[in-house]
Amino acid sequence: MGPTRRESAYACTSTRVGTHGAVFWCQTCRVGYSPAPDPSQLISEYEDVEDPSYFAEEENRLRNSAWVMRAVERHRRPGTLFEVGASVGILLEAARRRGWAVSGIEPSRWAVATGRQRYGVNLRQGTIEGDSGPDGPVDCVVMSDVLEHLVDPQGALVRAAEWLAPDGVLAVITVNMTAVLARVLGTRWPGYMDMHLTYFSPHALDSMVRRAGLTTIAMGAAPRRLSAGYLGDRLRGSGRLADAAAQMLRMPLVRRSTISLRSRDLLLVLGRRLEAQA
């Protein structure tokens, strides 16, 4: 059975990239944004998402997650970790393998049930807007591919920062609409999607992290190790040259090969809660 309309629009593996409504750019805060839908309706949509195709990239997602955790561990030893928008818990599993005590929340009922069964991770249904958060202060909070989906990303960062222990680290992965690739592809950049409500610049992310009471300690390209076929699916519809590349990447002899990208249109930002801020 093919994906439903809802799954195609809101699933992580949606191929509806480069299609979007109006995106407005604020020159002062350097943030792009789309008109937000009704928040309760949006949460309902995410609660219903099912995305079995997510596991086609499982090994690459585990490797990407391990890279993120190594970046965090340059600033904080393994301890307690809480993930917001954990999907099926792949990052939780990668962190647990590295010695972290993990837990997380995810709005999709399907993802929570699947993650518990597949990895046995401590995962429950919830959103950052309505969840009580971890049982106590944690050493790391992760928000990977979450911030761009939220109606109030600044409020989410403030809430996540409140969950950190002194000297704890917040790890955020999100889109950078000012990257060279995004500028070259213009409105056909795959990062533009109907499900994305906010688009960031490095300047905006640094400002938002500081307004959440944290200090930015690292910012750089997030890892993207993925199969050629998956990349080809994402590039389709992004222009004549991109379509030609997509067709080649999706060829049977090529599609299973692995590609590593560091295009900076996906950023990893680390913020730290200082002892003095406790």
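Residues numbered from 1 in each chain as written. Predicted model: local features only at pLDDT ≥ 70, side-chain atom pairs only at ≥ 80, totals over all residues. Heavy atoms only, no water.

### Regarding the sheet that holds strand β8 (residues 198-199)
Here comes step 1: If you trace the three strands from one edge of the open sheet to the other, you get β1-β2-β8, paired in antiparallel fashion. Among the strands making up the open sheet, the edge pair consists of β1 (24-26) and β8.
Here comes step 2: Of the strand pairs in this sheet, strand β2 (residues 31-33) and β8 are connected by two bridges, and their pairing is antiparallel. Residue pairing for β8: tyrosine 33 is matched across the bridge by threonine 198. (Pairing = 2+ DSSP bridges. Helix = DSSP H or I, 4+ residues; strand = E, 2+ residues; numbered from the N terminus.)

### A short note on the confidence of the model for the protein chain
Here comes step 1: Of the residues in the protein chain, 83% reach a pLDDT of 70 or more, and the chain-wide mean stands at 87.
Here comes step 2: Here residues 1-8 is a poorly scored stretch, pLDDT under 50, and it has eight contacts once near neighbours within four places are set aside; other chains count. (pLDDT = per-residue confidence, 0-100. Contact = heavy atoms within 4.5 Å.)

### Considering the packing of helix α3 (residues 58-73) against helix α4 (residues 90-97)
Here comes step 1: Two numbers describe how α3 lies on α4: the axes approach to 8 Å, and their chain directions differ by 55 degrees. Put simply, α3 runs oblique to α4. Crossing of α3 against α4: the hand is right-handed. Of the residues in α4, those in contact with Glu58, Arg61, Leu62, Ser65, Ala66, Val68 and Met69 of α3 are Ile90, Leu91, Glu93, Ala94, Ala95 and Arg97. (Axes fitted to C-alpha atoms, helices over the stretch in contact; angles between N-to-C directions. Parallel < 35°, antiparallel > 145°, perpendicular 65-115°, else oblique. Left-handed = near helix turned anticlockwise from the far one by under 90°.)

### Here we look at the environment of arginine 262
Here comes step 1: Note on placement: arginine 262 falls in the loop between β11 (258-261) and β12 (266-272).
Here comes step 2: Discounting residues that sit within four places of it in the chain, arginine 262 has contacts with Trp67, Ala221, Ala222 and Pro223.

### Regarding unusual backbone geometry
Here comes step 1: A positive phi angle is found at serine 87, which is not glycine, with a value near 55 degrees.
Here comes step 2: Looking at where serine 87 falls in the secondary structure, it is placed in the loop between β3 (80-84) and α4.
Here comes step 3: Classification of serine 87 by relative accessible area gives buried; the value is 12%. (Buried < 20%, exposed > 50% of the residue type's maximum accessible area, 1.4 Å probe, protein only.)

### Considerations on the packing of helix α6 (residues 153-162) against helix α8 (residues 202-211)
Here comes step 1: Put simply, α6 and α8 touch, their axes get as near as 9 Å, and they point 45 degrees apart. As judged from the angle between their axes, α6 and α8 are oblique. For α6 against α8, the interelement crossing comes out right-handed. Counting all contacts with α6, which are made through Pro153, Gln154, Leu157 and Val158, the residues of α8 involved are Met208, Val209 and Arg211.
Here comes step 2: Broken down by class, the residue content of the contact of α6 with α8 amounts to five nonpolar, one polar and one charged. (Nonpolar A, V, L, I, M, F, W, Y, C, P; charged D, E, K, R; others polar.)

### So, the side chain of threonine 178
Here comes step 1: Checked against the element boundaries, threonine 178 lands in the loop between β7 (164-175) and α7 (180-185).
Here comes step 2: Among residues more than four places away in sequence, those in contact with threonine 178 are Trp25, Arg183, Phe200, Ser201 and Pro202.

### Some words on the side chain of glutamate 93
Here comes step 1: Residue placement: glutamate 93 occurs in helix α4.
Here comes step 2: With a relative accessible area of 10%, glutamate 93 lands in the buried category.
Here comes step 3: For glutamate 93, the side chain forms a polar contact with the side chain of arginine 96, separated by 2.6 Å.
Here comes step 4: Among the polar contacts made by the side chain of glutamate 93, one reaches the side chain of arginine 97 at a distance of 3.0 Å.
Here comes step 5: Aside from chain neighbours lying at most four places away, what touches glutamate 93 is Leu62, Tyr119 and Val121. (Polar contact = N/O pair within 3.5 Å; in protein donor to acceptor, adjacent residues only side chain to side chain.)

### Some words on the packing of aromatic side chains
Where two aromatic rings form a pair, the distance of their centres and the angle of their planes describe that pair.
Here comes step 1: Per the counting criterion, the structure on display carries seven aromatic pairs.
Here comes step 2: When the centroid spacing of 6.4 Å and the interplanar angle of 55 degrees are considered together, the rings of tryptophan 189 and tyrosine 199 count as tilted. Linking tryptophan 189 in the loop between α7 and β8 with tyrosine 199 in strand β8, this pair joins segments that are 10 residues apart in sequence.
Here comes step 3: Tyrosine 199 sits in the buried class, given a relative accessible area of 0%.
Here comes step 4: Ring pairing ties together the aromatic residues Tyr54, Phe55 and Trp110, which thus form one cluster.
Here comes step 5: Stacked on the ring of tyrosine 54, the Lys or Arg arginine 61 has its end atom at 3.8 Å from the ring centre.
Here comes step 6: Here the basic side chain of arginine 118 rests over the ring of phenylalanine 55, its NZ or CZ set 4.0 Å away from the ring centre. (Phe/Tyr/Trp six-rings, centres within 6.5 Å; stacked < 30°, edge-to-face > 60°. Lys NZ or Arg CZ within 6 Å of the ring centre and 35° of its normal.)

### Quick notes on the state of the cysteines
Here comes step 1: According to the stated counting rule, one finds zero disulfides in the structure shown.
Here comes step 2: Distance from the sulfur of cysteine 26, which forms no disulfide, to the nearest cysteine sulfur (cysteine 29) is 3.1 Å. (Disulfide = S-S within 2.5 Å.)

### Brief notes about the nonpolar core
Here comes step 1: Counting 65 residues, the largest nonpolar core has Leu81, Val84, Val141, Met143, Leu170 and Leu268 as the members making the most contacts within it.
Here comes step 2: With seven residues, β7 is the single largest residue contributor to this core.
Here comes step 3: Filtering out sequence-adjacent residues up to four positions away, valine 84 remains in contact with Ile105, Ile128, Val141, Val142, Met143, Ser144, Val146 and Trp163.
Here comes step 4: Ranked by size, the runner-up nonpolar core spans eight residues in total, among them Tyr10, Ala11, Leu42 and Met193. (Core = buried A, V, L, I, M, F, W, Y, C linked by side-chain atoms within 4.5 Å.)

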